[in-house]
Amino acid sequence: MTRAQLKEYLDAKVEQYNVPDFIPHDPIQIPHLFTEKKDIEIAGFLIATISWGNRKSIINNSHKLMELMDHAPSDFILNHEPSDLDRFNEFVHRTFNSEDCKTFIRSLQNIELQYGGLENAFAKAYQEKGQLQHAISRFKEIFFEVEHLQRTQKHVSDPLKNSSAKRINMFLRWMVRKDNAGVDFGIWDQIPMSALSLPLDVHTGNIARKLKMLKRKQNDGKAVAELDHFLRKLDATDPVKYDFALFGVGVFNDL
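Residues numbered from 1 in each chain as written. Predicted model: local features only at pLDDT ≥ 70, side-chain atom pairs only at ≥ 80, totals over all residues. Heavy atoms only, no water.

Trainee: Where do I start with the environment of Tyr9 in this structure?
Mentor: The residue Tyr9 is located in helix H1 (residues 3-17) in this model. Among the residues examined, Tyr9 registers a relative accessible area of 21% and is labelled partly exposed. Spatially, the C-alpha atom of Tyr9 lies 34 Å from that of Lys37, the residues being 28 residues apart in sequence. (Helix = DSSP H or I, 4+ residues; strand = E, 2+ residues; numbered from the N terminus. Buried < 20%, exposed > 50% of the residue type's maximum accessible area, 1.4 Å probe, protein only.)

Trainee: Just to check I follow, could you spell out the layout of surface pockets for this structure?
Mentor: The gaps of empty space that remain are located by a probe, the size of a water molecule, rolled over the atoms. The calculated volume of the largest pocket comes to roughly 430 Å³. As for the largest pocket, its lining consists of 22 residues, and the residues nearest its centre are Arg55, Lys166, Asp201, His203 and Phe247. Residue assignment for the lining of the largest pocket shows that the elements contributing at least two residues are helix H3 (55-68), helix H8 (166-176), helix H9 (202-210) and helix H11 (242-251). Counting residues per element, the lining of the largest pocket draws most heavily on H8, at five residues. (1 Å grid on protein atoms, 1.4 Å probe; cavity = no way out; pocket = protein on both sides within 12 Å on 5 of 7 lines; lining within 4 Å. Points joined across faces, edges and corners; volume = space filled by probe spheres on them.)

Trainee: Is there a simple way to think about the nonpolar core in this case?
Mentor: Across soluble globular proteins, nonpolar side chains show a tendency to be buried alongside one another. Ranked by internal contacts, the top residues of the largest apolar core, which has 60 residues, are Leu118, Phe122 and Phe171. Contributing elements (two or more residues each) for this core: helix H2 (37-49), H3, helix H4 (73-79), helix H5 (98-115), helix H6 (118-129), helix H7 (132-143), H8 and H11. Excluding residues that lie within four positions of it along the chain, Phe122 makes contacts with Ile136, Phe139, Ile168, Phe171, Leu172, Trp188 and Ile191. Within the second largest apolar cluster, 20 residues are counted, among which are Leu198, Val224, Tyr242 and Val249. (Core = buried A, V, L, I, M, F, W, Y, C linked by side-chain atoms within 4.5 Å. Contact = heavy atoms within 4.5 Å.)

Trainee: I tried to follow the packing of aromatic side chains on my own but got confused; where do I start?
Mentor: To describe a pair of aromatic rings, you give the distance between the ring centres and the angle between the ring planes. Across all of its chains, the model carries 15 aromatic pairs by this definition. When the ring of Phe76 is compared with that of Phe88, the centres are 5.7 Å apart and the planes differ by 65°; the resulting orientation is edge-to-face. Taken together, the residues Phe76 in helix H4 and Phe88 in the loop between H4 and H5 connect sequence positions 12 residues apart. Site record: aromatic cluster; members linked through ring pairs are Phe45, Phe96, Phe104, Phe122, Phe139, Phe143, Phe144, Phe171 and Trp188. One residue, Arg3, lies across the ring of Phe230, its end atom 5.2 Å from the ring centre. Here the guanidinium or amino end of Arg167 rests over the ring plane of Trp52, the centre of that ring lying 4.6 Å away. (Phe/Tyr/Trp six-rings, centres within 6.5 Å; stacked < 30°, edge-to-face > 60°. Lys NZ or Arg CZ within 6 Å of the ring centre and 35° of its normal.)

Trainee: Could you clarify how one ought to interpret the packing of H9 against H11 in this entry?
Mentor: Helices that pack against each other are described as a pair by the angle of their axes relative to one another and the distance between those axes. With their axes 8 Å apart at the nearest point, H9 and H11 run at an angle of 95° to one another. It follows from the interaxial angle that H9 and H11 lie roughly perpendicular. Here Thr204, Ile207 and Ala208 of H9 lie close against H11, whose contacting residues are Asp243, Leu246, Phe247, Val249 and Gly250. Partitioned by chemical class, the residues of the contact of H9 with H11 number five nonpolar, two polar and one charged. (Axes fitted to C-alpha atoms, helices over the stretch in contact; angles between N-to-C directions. Parallel < 35°, antiparallel > 145°, perpendicular 65-115°, else oblique. Nonpolar A, V, L, I, M, F, W, Y, C, P; charged D, E, K, R; others polar.)

In structure tokens form, the structure reads like this:
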């Protein structure tokens, strides 16, 4: 199909899948439990971090994590004492273990105290680098300013090492994208929607290739850049809205 036909097709799929009915089937349901900005962004960051593998397991462990934080993630992050971290001793999601979890909690507290929160930390990195994938790499440096085990670094992706950074790009979509349908939150104002990159995974990558939007075979940082270039031609203001189209078509075999 022509680019105009492809845009018409994908825009229709965005309308079909970017709807509130999407929320109960996706990890985004967890930050939707909250109304305060700080709760939403902290819950969102932690849930995005463990969003890989079996969807049911992701959602179950996400609820468990919120329960361990007394269903008040912002208050817990800001006010926890070191002894409070003992409650996470049994927490594990795939390779994200209790020590990783404790490091993330300490780091999020450091980001709140030193940078004024996640939005400011990401915005500082974006202003320094001028390109969001480079900013994610800079954010990783900020995130690991706290004492940590080397192994924990693998849980924050680095696009400059050719990672697709799927989970961080998904988190940034949640926070930045102004969504009239009420799925994404759009509670951050310091990073423009136009800078966002698609959270590339197996499903969206396969569909993008079937639709001749992506040539690269690996789902890596270079593929994200290639898809970014294509999607910005379809909608320069809101390129990652097409994540809903590609995801929906992939999951529901709707092609």
